[in-house]
Every structure is written in structure tokens, then in C-alpha cells.
Amino acid sequence: MPLLVAPALPAGSLAAQEQPHLPVRPGLALRPWRDDDAPAVRAAFDCPAIQRWHVRRLDSGDEALAWTAQWARRWHDETAASWAVADADDRTVGQIGLRGVLLTEASAQLSYWLLPAARGRGIATEALGALTRWSFTRAGLHRLALEHSTVNAASCRVATRAGFPVEGVLRGSVRHADGWHDMHLHARLRTDA
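Residues numbered from 1 in each chain as written. Predicted model: local features only at pLDDT ≥ 70, side-chain atom pairs only at ≥ 80, totals over all residues. Heavy atoms only, no water.

(A) The arrangement of the overall build of the protein chain in detail. A tally of helices and strands in the protein chain yields five helices and eight strands. Counting from the amino terminus, the protein chain carries its helices and strands in the arrangement β-β-α-α-α-β-β-β-α-β-α-β-β. For the protein chain, the C-alpha radius of gyration of 16 Å lies close to 16 Å, the compact-globule estimate for 193 residues. C-alpha extents for the protein chain along the principal axes are approximately 45 × 40 × 35 Å. Residues counted as buried form 47% of the 193 residues belonging to the protein chain. (Helix = DSSP H or I, 4+ residues; strand = E, 2+ residues; numbered from the N terminus. Rg over C-alpha atoms; globule rule 2.2 N^0.38 Å. Buried < 20%, exposed > 50% of the residue type's maximum accessible area, 1.4 Å probe, protein only.)

Printed below as a string of C-alpha cells:
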């Protein structure tokens, strides 16, 4: 069935380029995942808070390696992208990414997590700012959105500090281990100040 509106971004908008390295600030950058990041990913998914909010765990080093390896294919397929948040020593301290990329709508959902030792220092907010700038200025996206449980106050602070206002509440929309959660919906448009 043909679209009656031209796609906002043509196919190949992401895949035609290499996934970029994005500076955040001195000593902090976003870079594509590598195989040697698998131990940090395994440690992240052993964290009870990451398990709670992302509703996933990894049970082996092989699963962690598969998790890091998937991102090159998803970039090429233009369905998602993920970056390691790396410190001054190029150690992975977190993840930030685009999920549900829709080139036809020039939109994506955001996700992020940090290892426990990296929390509380503004890293997630700064990484979200860097990815947002690139998404709007270089990737050409029009809308970025993110959802988190209304109980997840830390994620709400990150989104708000990065300029993503709450647009509304999605009632009972995601099931966590303790039951159904209402979700805050935050979003920004490229045209927002």
C-alpha cells in the first residue's frame, strides 16, 4: 500500500554512513560497541536497578557478546542504534541509544542506563544531550521520545534536565516484575528551543 506522504527521511539516511563517535565533554564520549565491552555489559545487566527498569538480564558472557554485536546490524538495518558511554580511559560506563527508529516519520525512542559507579554525576544527562544534538542536526530526526516508569525518579530527572518535558502518562502500559506500571512519556522536537 503506497504512502500518501513522502518519507521524512529516505532509506539509507543512517546506513550510508559509519556510526559516529560523539564527544560529550572532555573525558566522556559515545562510541559504537566493541566485543571487548561485553564484560561491562554483563556487569550492567547484573545490576538489580537495570534489571528492574529494563526487564532483562544476561546469563552468560556469550549473551553479553551477542548483545554488543547486534548493534552494527541494527544500525545497518536502520531500526536502532546504541552507543557505549565511555570515560577518559575508554572504559564503558553506560549505554545510550535510539530504539524504534522510523525514517518515514523521522522519529525514535531513547534508552539509557549507567553502571552504578557512574551514577549521580550528570553523565546520563550529558550523554542524552549529545545524542539529541546529533540526532536533530546530523541524523535529521524530527522527534525523540522516551518512556520510563513513573516510579523511576532518576530517569525522570535525566529526561527533564536534558530538556525533555513530560507530555503525558501512559497508564498501565509496561509490565515489570512487580506488576503493571504507568509510564511517563517525555519528548522533544527538533524545532524546540
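(B) Spatial organisation of the pairing of strand E4 (residues 92–102). The buried count for E4 comes to nine of 11 residues, which makes it a mostly enclosed element. Here six bridges tie strand E3 (residues 81–87) to E4, and the two strands are oriented antiparallel to one another. Looking at the pairing, Trp83 lines up with Ile96 of E4. Looking at chain direction, E4 and strand E5 (residues 107–114) are connected through seven bridges and run antiparallel. Looking at E5, one finds that Gly97 is bridged to Ser111. (Pairing = 2+ DSSP bridges.)

(C) Layout of the packing of aromatic side chains. Scanning the model with the defined rule gives nine aromatic pairs in all. Look at Trp67 and Trp71: their rings are 5.4 Å apart centre to centre, the planes differ by 75 degrees, and that puts the pair in the edge-to-face class. With Trp67 and Trp71 both in helix H3 (residues 61–77), this residue pair falls four residues apart, about one helical turn. What makes Trp67 buried here is its relative accessible area of 13%. Through pairs of rings, three or more aromatic residues link up here, namely Trp33, Phe45, Trp67, Trp71 and Trp113. Its guanidinium or amino end placed over the ring of Trp180, Arg175 lies 5.9 Å from that ring's centre, counting from NZ or CZ. (Phe/Tyr/Trp six-rings, centres within 6.5 Å; stacked < 30°, edge-to-face > 60°. Lys NZ or Arg CZ within 6 Å of the ring centre and 35° of its normal.)

(D) View of the side chain of Asp37. Assignment of secondary structure puts Asp37 in the loop between strand E2 (28–31) and helix H1 (38–46). Judged by its relative accessible area of 3%, Asp37 falls in the buried class. Reaching out from Asp37, the side chain makes a polar contact with the side chain of Thr92 at a distance of 2.8 Å. Those residues in contact with Asp37 that sit more than four places away from it in its chain are Arg31, Pro32, Thr68, Ala84 and Thr92. (Polar contact = N/O pair within 3.5 Å; in protein donor to acceptor, adjacent residues only side chain to side chain. Contact = heavy atoms within 4.5 Å.)

(E) Looking closely at the pairing of E2. When strand E1 (residues 22–25) meets E2, the two strands line up antiparallel, connected through three bridges. Opposite Leu22, over in E2, you have Leu30 as the bridge partner. Connecting the antiparallel pair E1 and E2 is a turn made up of two residues, with Gly27 showing a positive phi of about 85 degrees. Pairing geometry for E2 and E3, over four bridges, is antiparallel.

(F) Structural context of the packing of H1 against H3. Interaxial distance between H1 and H3 falls to 8 Å at its minimum, and their mutual angle equals 110 degrees. Classified by the interaxial angle, the pair formed by H1 and H3 is roughly perpendicular. Seen from H1, the contacting residues are Ala38, Val41, Arg42 and Phe45; seen from H3, they are Gly61, Ala64, Leu65, Trp67 and Thr68. Classifying every residue of the contact of H1 with H3 by side-chain character gives six nonpolar, two polar and one charged. (Axes fitted to C-alpha atoms, helices over the stretch in contact; angles between N-to-C directions. Parallel < 35°, antiparallel > 145°, perpendicular 65-115°, else oblique. Nonpolar A, V, L, I, M, F, W, Y, C, P; charged D, E, K, R; others polar.)

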